[in-house]
Amino acid sequence: MSETVVGRFAPTPSGFLHLGNVFCTLLAWLYAKSQNGKIVLRIEDLDSSRCSIAKADALAKDLEWLGITWDEGAYVNEKHEDFFQSKRFDIYKVYFDALLEKDIIYPCFCSRSGLHAANAPHLSDGRYIYPGTCRKLSNFEREIKMQSRKPSYRVKVVDKGISFVDGHYGEMTYNLSEESGDFIIRRSDGVYAYQLAVVIDDALMHVNQVVRGADLLSSTAMQLYLYELLGLKAPSFTHIPLLVAPDGRRLAKRDGGMEIRILKDKLKQPELIIGWLAFMAGQLDKFEPIKVQELLPIFNPNKIPKENIIVPSELLNL
Ligand code: GLU
């Protein structure tokens, strides 16, 4: 018997749910449900200075209103707090310590200590390749520096290609030494980095199918590298194109009008939002209102475009 498909939604509650998030969420749902799979909702609130429970509550309510459901995880039962990353630091520590023990990670005292590392790196964040400065420090130098500064921790990457077959884009290869250099897995303030937390959580939550935006393609190589180092089983990865504004910018939280709570006020019916998303995802030939469930029998992943998708002006100018 084949394994049950377990997909996931992994929103970061640093803002309100917007059209771009829902586009990924809807497709993750369709991929999993079209294979009789389950969905886990995990709240990626590692960075408590940017995330809040109120925003997580709002995200869940917006998803419910849209009719996008999940089977396990946050907001499901009394154990739901286990699916908030902010409550899982003890778990991350076990894996972090194991990497430390194996001498695969090292303290970094550079001032650019990756304050954003707790968030998934989206394209607009720009790219930074760490030159490996602190990798070369001796134990003695580390001890001296430890006395005056709390370090972040980086994982040593190797200079070779990491290849995987993406469910939508096919064969991909990234060399992490050219992509990111040694990357952060714990920030200097003790917050675990997105790359580490996401790997541990997907593995422990038995997620075997990750569907997310194409701007995380190179993160997949980092994550596969961590799966291997930690001896955990990696899921399959499928990346989907991003929704962009007519000028090609990624649709982001700052496009306030694309927040679901605002679209909800304007459009009133979830079917209208789902219809637009399904049309942009190539699942409908023209825009028409539709319910999430009604998309299941017609879902065809081959129709999802490969290029980024420009949000129609009718929708942007509502
Ligand atoms: N929490 C991440 C985000 O909102 C999700 C990253 C992922 O799907 O792995 O961007």
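Look a little higher up for the structure.
Residues numbered from 1 in each chain as written. Predicted model: local features only at pLDDT ≥ 70, side-chain atom pairs only at ≥ 80, totals over all residues. Heavy atoms only, no water.

Of all five residues that make up strand β10 (residues 236-240), four are buried, and the element is covered over most of its length. Of the pairings in the sheet, the one linking strand β9 (residues 209-213) to β10 comprises five bridges and is parallel in character. The residue of β10 that forms the bridge with glycine 213 is isoleucine 240. (Buried < 20%, exposed > 50% of the residue type's maximum accessible area, 1.4 Å probe, protein only. Helix = DSSP H or I, 4+ residues; strand = E, 2+ residues; numbered from the N terminus. Pairing = 2+ DSSP bridges.)

Around the ligand lies a shell formed by Arg8, Ala10, Thr12, Glu44, Ala120, His122, Tyr194, Val198, Arg212 and Leu216. Between the ligand and arginine 8, the relevant distance is 2.6 Å, taken from an oxygen atom to a side-chain nitrogen or oxygen of the residue. Glutamate 44 is positioned such that a nitrogen or oxygen atom in its side chain is 2.5 Å from a nitrogen atom of the ligand. Contact with the protein chains removes 87% of the 300 Å² of surface that the ligand exposes when unbound. For the shell around the ligand, the per-class residue count stands at five nonpolar, two polar and three charged. (Near = heavy atom within 4 Å. Polar contact = N/O pair within 3.5 Å; in protein donor to acceptor, adjacent residues only side chain to side chain. Areas by Shrake-Rupley, 256 points an atom, 1.4 Å probe, with all protein chains shown as cover. Nonpolar A, V, L, I, M, F, W, Y, C, P; charged D, E, K, R; others polar.)

In this structure, Leu19 and Ile68 are the most contacted members of the largest nonpolar core, which totals 98 residues. The greatest single-element share of this core, amounting to eleven residues, is contributed by helix α1 (residues 19-33). Counting six residues, the second largest nonpolar core, distinct from the first, contains Tyr106, Cys108, Tyr130 and Cys134. (Core = buried A, V, L, I, M, F, W, Y, C linked by side-chain atoms within 4.5 Å.)

Moving on to unusual backbone geometry. Phi is positive for tyrosine 75, which is not a glycine, with a value near 65°. For tyrosine 75, the position within the fold is in the loop between β3 (72-73) and α3 (89-101). Phi is positive for histidine 206, close to 60°, though the residue is something other than glycine. Position of histidine 206 among the secondary structure elements: in the loop between α6 (194-204) and β9. Judged by its relative accessible area of 59%, histidine 206 is exposed.

Across the sheet, which stays open at both edges, the three strands sit in the order β1-β2-β3 with parallel pairing between neighbours. Taken across any chain shown, the strands that pair with only one partner, and hence form the sheet edges, are β1 (6-9) and β3. In the packing of α1 onto the sheet, the strands contacted are β1 and β2 (38-41), and the crossing angle to β2 comes to about 145°. (Contact = heavy atoms within 4.5 Å. Axes fitted to C-alpha atoms, helices over the stretch in contact; angles between N-to-C directions.)

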